Amino acid sequence: MGILSYAAKRLSIGFFIVIFVSLILFIFMQLLPGDPITLLTAGERVSQQRIEELRRAWGLDQPIYIQFFFWLSHMLQGDFGTSFVFKLPVVRVVVPRIPATLQLTITALVISYIFGIILGTLSAVRRGMLSERVLTGVYTFLYSIPTYWLGAMLMLAFGFYLRVLPISGHGTLAHLILPASTLALPNIAIFARMMRTEVLETLYEEYVRTAMAKGLPRLVVLFRHVMRNALIPVTVLFFLELPWTIGGAVIVEAIFSWPGMGNLLYRSILMQDYPVVMFIIFLISIFTVISNVIGDILTAILDPRVTLKG
Amino acid sequence: MLASEGVAKVTKEASGYIKLIWSHWSARTGLIISIFIILIAIFAPLIAPRSYAQTDLKHRLEPPSPDFPFGTDELGRCIFSRVIYGSRIALWVGILVVIVEALVGVTLGIIAGYWEGWVDRVISFLSDSIWALPPIVLALGVVTVIGPGISQVVTAIAIVSWPPFTRVSRAKVLSIKNREFVIAAKAIGESDISIIVRYILPNIIPSILVLATLTLPTAILSTTALSFLGFGAQPPTPDWGDMIAKGMGYLQIAPWISTFPGIFLVITSLGFNLLGDGLRDLIDPRLRI
């Protein structure tokens, strides 16, 4: 199978996942208190005639499964309803917030990727020594810290005591440091663990022993042969972790008043701005599917051992 | 077998397991920490000097002192007592979530692995789709619909995080069901249910226990995260997540309110993570979540 048809197959599975998520969101909308028309008109006063029009336009006079297809087709046309709070189409409320969220999550992922690789490689090379225990202890410890508490403590240390970093807001690099570190530190373990496993597996491969036997310096073997191969799955993990990090960003954005999608999601839940809530969840599911497909395709391209089967 | 022999066998097996755990440094450290937290939860009324709900407006926002070891909060409640009682909530809610996840996940996983075919395809699609999405986002969607509260939080987290149990048990069933003892049982006409209960279940339980231990800290962190965001326990329940959230408003003048519950949260989660990592190394090194 060629790479293109492989990609097409992964994408079509992703498409079904998006449909499935829409179904879940549709069920959520049905379970929410209030009439869908109130949801659509954002609680404005509308005439009886207008309500009838809307009911027909959204197929609300039809059976429930037909309603779902109506809803789906509206969504596929980019019509997600109106925000109760902002009185604007939700797309216009949410989309401008995406760049801030991506800036935060990608910075955090790059930090945890780099530190994960370093800690993972070190703990693999030092296997069985005391320093291995210390290293795995450090990243297990980081992994055990709840992000929201870590955020509070970093705020306390760097914002209140040392007064070197701003504790909220957005704009300069200094504003990015605390939220990005909060999001990054617990994630280091995920990269470090995978890197450690991969390095350990690669260390005992035939070609690595050959390289050692040839008398190449250990560090050269480590960088040229071991790490290069171990990096493939860890790099793929970068894309698989992206959606989960966007999920974690909800809490971090809320703590640091970061003007992104996650913070908006949190505030919208509190203000019961359901159309915005549903749209953000839908958007994150699309991000998830896309980054999973990228991850799969990268594996296929980078790792020649993977056969391109469905 | 005589009853006394049975007891002797169980005791011997148990001491064997403890020796095994003791031989692994991460499992050993994790076990000690976990037992420490469990003991705190059990003996909370004996350890805590005050009730978790007792307010004292004369002693608001006081820093740690011999009288109030961890200080007091904005209502003059003793943080130390609240943190100690909070271990009960954290453990109880976390364990409840893991039990629900495991029951749902393992049942679906066995069904998918044992019968395969379209049932398997439907279950696998469901679990892959749910697991593909960031759990906290989906859980927030669920609490938006069902509202705040502890049982709602348990439901929300359980709904979004059963798929690992399905994956692991499905894979195990697939590898076990073609082994000779299962085929033999089928040949002599044993029913499917009896085969599952007598031959398959005992063989997947060790992996499920490892997975459950590894899932517990995640469950505790996610349920307290929802409490932190205000969707969990309602006052005056001493929930660590909620206590940290309340303390955020006083971070500058009374940092101890948020600091101490967080330290206990980290210790608890670290203990079970270390124990789970160790058990995985010992029992099922190839287990991937």
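Residues numbered from 1 in each chain as written. Chains lettered and ligands numbered in written order. Predicted model: local features only at pLDDT ≥ 70, side-chain atom pairs only at ≥ 80, totals over all residues.

**Q** Whenever I open this one, the overall build of chain A confuses me. Can you help?
**A** Looking only at helices and strands, chain A has 14 helices and zero strands in total. Secondary structure of chain A in N-to-C order comes out as α-α-α-α-α-α-α-α-α-α-α-α-α-α. Overall size of chain A, expressed as C-alpha extent along the three principal axes, is 85 × 60 × 30 Å. Residues counted as buried form 40% of the 310 residues belonging to chain A. Look at the contacts in chain A between residues 6 or more apart in sequence, and 74% of them connect residues 24 or more apart. (Helix = DSSP H or I, 4+ residues; strand = E, 2+ residues; numbered from the N terminus. Buried ≥ 20, exposed ≤ 12 C-beta atoms within 10 Å, placed from the backbone. Contact = placed C-beta atoms within 7 Å.)

**Q** Please clarify how the overall build of chain B should be interpreted in this entry.
**A** Counting its secondary structure elements, chain B contains twelve helices and zero strands. Listed by position from the N terminus, the elements making up chain B come as α-α-α-α-α-α-α-α-α-α-α-α. With the principal axes as the frame, chain B shows a C-alpha extent of 75 × 50 × 30 Å. The 289 residues of chain B split such that 48% are buried. Restricting the contact set of chain B to residue pairs at least 6 apart, pairs at least 24 apart contribute 70%.

**Q** Is there a simple way to think about the interface of chain A and chain B in this case?
**A** Buried accessible area, meaning the area lost when the parts come together, often serves as the stated size of an interface. Facing the 37 residues of chain A at the interface are 32 residues of chain B. The set of elements that each furnish at least two residues to the side of chain A that touches chain B consists of helix H1 (3-31), helix H7 (130-143), helix H8 (147-161), helix H12 (218-255), helix H13 (261-270) and helix H14 (274-302) of chain A. Per-element accounting of the side of chain A that touches chain B gives the leading share, eight residues, to H12(A). Of the residues belonging to the side of chain A that touches chain B, the class tally is 29 nonpolar, seven polar and one charged. (Nonpolar A, V, L, I, M, F, W, Y, C, P; charged D, E, K, R; others polar.)

**Q** Explain the packing of H12(A) against H13(A) to me, please; I cannot follow it from the model alone.
**A** Residue and element names in this part refer to chain A. Direction vectors running N to C along H12 and H13 enclose 80°, while the axes themselves pass 7 Å from each other. Relative to H13, the element H12 lies roughly perpendicular. Here H12 contributes Ala 249, Val 250, Glu 253 and Ala 254 to the contact with H13, which in turn contributes Gly 262, Asn 263, Leu 265 and Tyr 266. Along the lines of polarity and charge, the residues of the contact of H12 with H13 split into five nonpolar, two polar and one charged. (Axes fitted to C-alpha atoms, helices over the stretch in contact; angles between N-to-C directions. Parallel < 35°, antiparallel > 145°, perpendicular 65-115°, else oblique.)

**Q** Please clarify how the confidence of the model for chain B should be interpreted in this entry.
**A** Any residue range with low pLDDT should be treated as having predicted coordinates unsuitable for detailed reading. All names here are of chain B. Per-residue pLDDT for chain B averages 89, and the proportion of residues at 70 or more is 96%. For chain B, helix H1 (residues 3-22) is the element with the lowest average pLDDT, namely 72, and helix H4 (residues 79-115) is the one with the highest, namely 95. We note a pTM of 0.89 for the whole complex and an ipTM of 0.88 for its interfaces. (pLDDT = per-residue confidence, 0-100.)

**Q** Just to check I follow, could you spell out the nonpolar core for this structure?
**A** The tendency in soluble globular proteins is for nonpolar side chains to be buried as a group. Judged by nonpolar contacts, the single largest core of 153 residues is most densely connected at Ile280(A) and Ala139(B). Not counting residues up to four positions away in its chain, the partners in contact with Ile280(A) are Val94(A), Met261(A), Leu264(A) and Leu265(A). (Core = buried A, V, L, I, M, F, W, Y, C linked by C-beta atoms within 7 Å.)

**Q** Help me understand the environment of Gly295(A) in this model?
**A** Residues and elements named next belong to chain A. For Gly 295, the position within the fold is in helix H14. A residue is classified by how many C-beta atoms lie within 10 Å of it, and Gly 295, with 20 of them, is buried. Gly 295 sits 62 residues away from Pro 233 along the chain, and the two C-alpha atoms are 9.1 Å apart. Those residues within four positions of Gly 295 in sequence are excluded, and the remaining contacts are Val 236, Phe 239 and Leu 240.

**Q** How should I be thinking about helix H11 (residues 240-248) of chain B in this particular structure?
**A** Think of an α-helix as 3.6 residues a turn; residues three or four steps apart then line up on the same face. Of all nine residues in H11(B), seven are buried; the element is thus mostly enclosed. Listing the buried residues of H11(B) in full gives Trp240(B), Gly241(B), Asp242(B), Met243(B), Ile244(B), Ala245(B) and Gly247(B). Contacts from the buried residues of H11(B) go to H8 of chain A together with H4, helix H10 (192-228) and helix H12 (256-283) of chain B.

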